[in-house]
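# Examining the three-dimensional arrangement
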Amino acid sequence: MANQFYVKSDVTFGKEAILQLPDILKEYGSKNVLYVYDQGVKAVGIVDTVLDAVKNTETKPFCFDKVIPNPSNEIIEQGYDFAKENFIDTLVAIGGGSSMDTAKAINVLLSNGGHIMDYEGIGNVRIVKYPFIAIPTTAGTSSEITNVAALIDTDSVRKYVVIDNKIIPDKVIADPEFTRTIPASITAATGMDAITHAIESYISIQANALTQYNSKTALEIFYHNLPKAVKDGNDMQAREAMMLGCVIVGFGFSNANLGLVHAIAHTLSAHYGLAHGTANACVLPAVLRFNAKACPEEMIELARTLHLPLSGNKEQDQFALASEMKKMVDDLQIKPLRYQGKGTCIPTTDFEMLASDALKEGPMHFNPRQDVTLDDIVHILKESY
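Going along each chain's sequence as written, the residues are numbered from 1 onward. Only residues with pLDDT of at least 70 get local features here, since the model is predicted, and only at 80 or more are side-chain atom pairs given and counted; chain-wide, interface and lining totals rely on the full set of residues. The side-chain figures draw on all heavy atoms in the structure; neither hydrogens nor water molecules are used.

### Some thoughts on the overall build of the protein chain
- Looking only at helices and strands, the protein chain has 15 helices and 9 strands in total.
- Put simply, the radius of gyration uses C-alpha atoms, and a globule should come to 2.2 Å times the residue count raised to 0.38. Relative to its length of 385 residues, the protein chain is compact, with a C-alpha radius of gyration of 20 Å against a globular reference of 21 Å.
- If one aligns the C-alpha atoms of the protein chain with their principal axes, the spans along those axes are about 65 × 50 × 45 Å.
- Relative accessible area decides the class of each residue, using a 1.4 Å probe on protein chains only: under 20% of the type maximum gives buried, over 50% gives exposed, and in between gives partly exposed. In the protein chain, which comprises 385 residues, the share counted as buried stands at 57%.
- When contacts within the protein chain are restricted to residue pairs at least 6 apart in sequence, long-range pairs at least 24 apart make up 78% of them.
- Summed over all atoms, the accessible surface of the protein chain reaches about 15,700 Å², with 51% contributed by carbon and sulfur. Here a strand is any run of E in DSSP of at least two residues, a helix any run of H or I of at least four, and the numbering for each starts at the N terminus. Contacts are residue-level and defined by heavy atoms, with any inter-residue pair within 4.5 Å sufficient. In short, Shrake-Rupley with a 1.4 Å probe defines the accessible areas, and a residue's cover is counted only from the protein chains shown.

See the structure below:
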């Protein structure tokens, strides 16, 4: 059976990659450039570095600095209005997945008009007119090379996605130096996001040989380098490896899609404001134990890739990866669900509601187990609590 493997982004990778930005803007004939970022990226000086790189170009910078974790429809509308008012012809996203997704959504509205939820789902974007350059400052989401924008509808309190190959950034400037100032907790959370991408795309029912090669390679990279980067943020060898792994896994999961971990994580982020990577990390071990029944050979292959000790007994070895991921989450000091939540802990009385919402999530269509029930997800939430 034939499989498709789509790759679009033009990636400039390595130290001082940012120096290529002026040439890229000149190539596009850019005049009014929208820089999209959050206050954290600005505070550590990365925005200044980017703007300094383009100070001698014939472009005018406009800064939209209102990006928030789990960007909402309201933030997208604000960014769209700001972009329209200033006749933006090029977008540059600086930051993690939230900045990338915000810029993707603004670009969709600039090109097509309407409301961003008009484009929810797969393949609903008619056209994207404006060049989009992504400058990642984290190594985890891979949003700089993927076809997904994950957003929050605050009215219905849910996380939804716009998926379309047209929204993938045209150019990527990936400079590992930009990840140096990330706090250890964010490095850990975004790194576990990438690990979740690698595992879920490997076991996805839409996986193929090309996607699995990328997913497995990236998992090995993050497994060995994430603890080093969390321990020492100035370990640039580990930082560079993680940024490379982020690109590699992005090519994998943007083609193979994800699964139950992301379905649950989306609901946790929508209702309780959990950072996406943290939400993934909290439920990953329990979901892997649950999914192992449907893909024991794949679970064992990933365990073998990480050189985990195996007994030769399939019934036992299929859970080795889940156990190792639980140990890794604990070692990275990512706390269980009972300690998570914005302002208040997540009440167990909400588990059925969360499970019901998770069952409606798009990634469920690609999970290796398709017999998932509400009670199964409630059990996973309890196990992760």
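### Describing the pattern of salt bridges
- Only one rule defines a salt bridge in this text: a Lys or Arg side-chain nitrogen within 4 Å of an Asp or Glu carboxyl oxygen. Scanning all chains against the criterion turns up 17 salt bridges.
- Note that Asp170 is salt-bridged to Lys8, the shortest N-O span being 3.6 Å. Remark: Lys8 occurs in the segment before strand 1 (10-13) and Asp170 occurs in the loop between strand 8 (158-163) and strand 9 (171-174); sequence separation between them is 162 residues.
- Given the relative accessible area of 32%, Lys8 is considered partly exposed.
- Here Asp357 and Lys360 are joined by a salt bridge, their closest N and O atoms 3.9 Å apart.

### Description of the pairing of strand 9
- Neither face of strand 9 is left uncovered, since the one carrying Lys171 and Ile173 and the one carrying Val172 and Ala174 both have all their residues buried.
- Relative to strand 9, strand 1 runs parallel, the two being bridged by 4 bridges. Counterpart to Asp10 in the pairing with strand 9 is Lys171.
- Note: strand 6 (residues 132-136) against strand 9, 2 bridges, orientation parallel. By the bridge assignment, Ile133 is partnered in strand 9 with Lys171. DSSP bridges decide pairing: two strands pair if at least two such bridges lie between them.

### Focus: the sheet that holds strand 6
- Pairing within the open sheet is parallel, and its 6 strands lie in the order 1-9-6-4-2-3. A single partner strand is all that each edge strand has here, and the edge strands are strand 1 and strand 3 (60-64). Looking at each pair of strands side by side, their axes are set apart by 20° on average, direction ignored.
- Sheet topology note: the strand 2 (residues 32-36)/strand 4 (residues 90-95) ladder contains 4 bridges and is parallel. Note that in strand 4 the partner of Tyr35 across the bridge is Val92.
- Lying on the sheet, helix 5 (residues 97-112) is in contact with strand 2, strand 3, strand 4 and strand 6; it crosses strand 4 at an angle near 165°. Structural elements are reduced to axes, namely lines fitted to C-alpha atoms, with helices fitted over the stretch in contact, and the angle between N-to-C directions of any two is expressed from 0 to 180 degrees.

### Looking at the packing of aromatic side chains
- Stacked, tilted and edge-to-face are the three classes applied to pairs of Phe, Tyr and Trp rings, where Trp contributes its six-membered ring and a pair requires centres within 6.5 Å; stacked means planes under 30 degrees apart, edge-to-face means over 60, and tilted covers the rest. Applying the stated rule across the entire model yields 2 aromatic pairs.
- Seen in terms of ring centroids, Phe64 and Phe82 are 6.3 Å apart; in terms of plane orientation they differ by 35°. Their pairing is tilted. Of this pair, Phe64 sits in strand 3 while Phe82 sits in helix 4 (residues 73-85), and the two are 18 residues apart along the sequence.
- With a relative accessible area of 3%, Phe64 lands in the buried category.

### Re the nonpolar core
- Met192, Ile195, Ile264 and Met325 are the most contacted members of the largest nonpolar core, which has 70 residues in total.
- Examining the composition of this core, we find that 9 residues originate from one element, helix 10 (residues 276-291), more than from any other.
- Leave out the neighbours within four places in its chain, and Met192 touches Leu226, Gly277, Ala281, Leu284, Met325, Met328, Val329, Leu332 and Ile334.
- Within the second largest apolar cluster, 29 residues are counted, among which are Val67, Ile88, Leu109 and Ala149. In this description, a nonpolar core means a group of buried Ala, Val, Leu, Ile, Met, Phe, Trp, Tyr and Cys residues linked to one another through side-chain atoms lying within 4.5 Å.

### Some thoughts on the sheet that holds strand 5 (residues 121-122)
- Read across the sheet, 3 strands follow the order 5-8-7 without closing on themselves; strand pairing throughout is mixed. The open sheet terminates on both sides in strands that have one partner only, identified here as strand 5 and strand 7 (148-153).
- Alignment of strand 7 against strand 8, held across 6 bridges, turns out to be antiparallel. Following the sheet pairing, Val148 is matched in strand 8 by Ile163.
- Contacting strand 7 and strand 8, helix 9 (residues 260-272) runs over the sheet at an angle of about 125° to strand 8.

### Description of the side chain of Thr90
- Within the secondary structure layout, Thr90 lies in strand 4.
- The class for Thr90 is buried, based on a relative accessible area of 1%.
- Within the structure, the side chain of Thr90 is placed 3.0 Å from the side chain of Asp89, a separation counted as a polar contact.
- Setting aside residues up to four positions removed in sequence, Thr90 forms contacts with Leu25, Ser30, Asn32, Val33, Leu34, Pro131 and Ile133. A 3.5 Å cut-off defines polar contacts: any pair of N or O atoms within that distance qualifies, except that in protein one atom must be a possible hydrogen donor and the other a possible acceptor, and neighbouring residues in sequence count only when both atoms are side-chain atoms.

### Focus on unusual backbone geometry
- Of note, Asn70 is a non-glycine position whose phi angle comes to about 55°, a positive value.
- With respect to the helices and strands, Asn70 occurs in the loop between strand 3 and helix 4.
- On the basis of relative accessible area, Asn70 is assigned to the buried category, the value being 12%.
- Located in the positive-phi region is His307, a residue other than glycine, with phi close to 60°.
- Looking at the secondary structure, you find His307 in the loop between helix 11 (296-305) and helix 12 (314-317).

### Examining the environment of Glu324
- By secondary structure assignment, the location of Glu324 is in helix 13 (residues 320-331).
- Glu324 sits in the buried class, given a relative accessible area of 18%.
- Along the chain, Glu324 and Leu306 lie 18 residues apart, while their C-alpha atoms are 9.6 Å from each other.
- Sequence-distant contacts of Glu324, defined by excluding residues within four places in its chain, comprise Tyr223 and Leu308.

So yeah, pure geometry; function would need other evidence.
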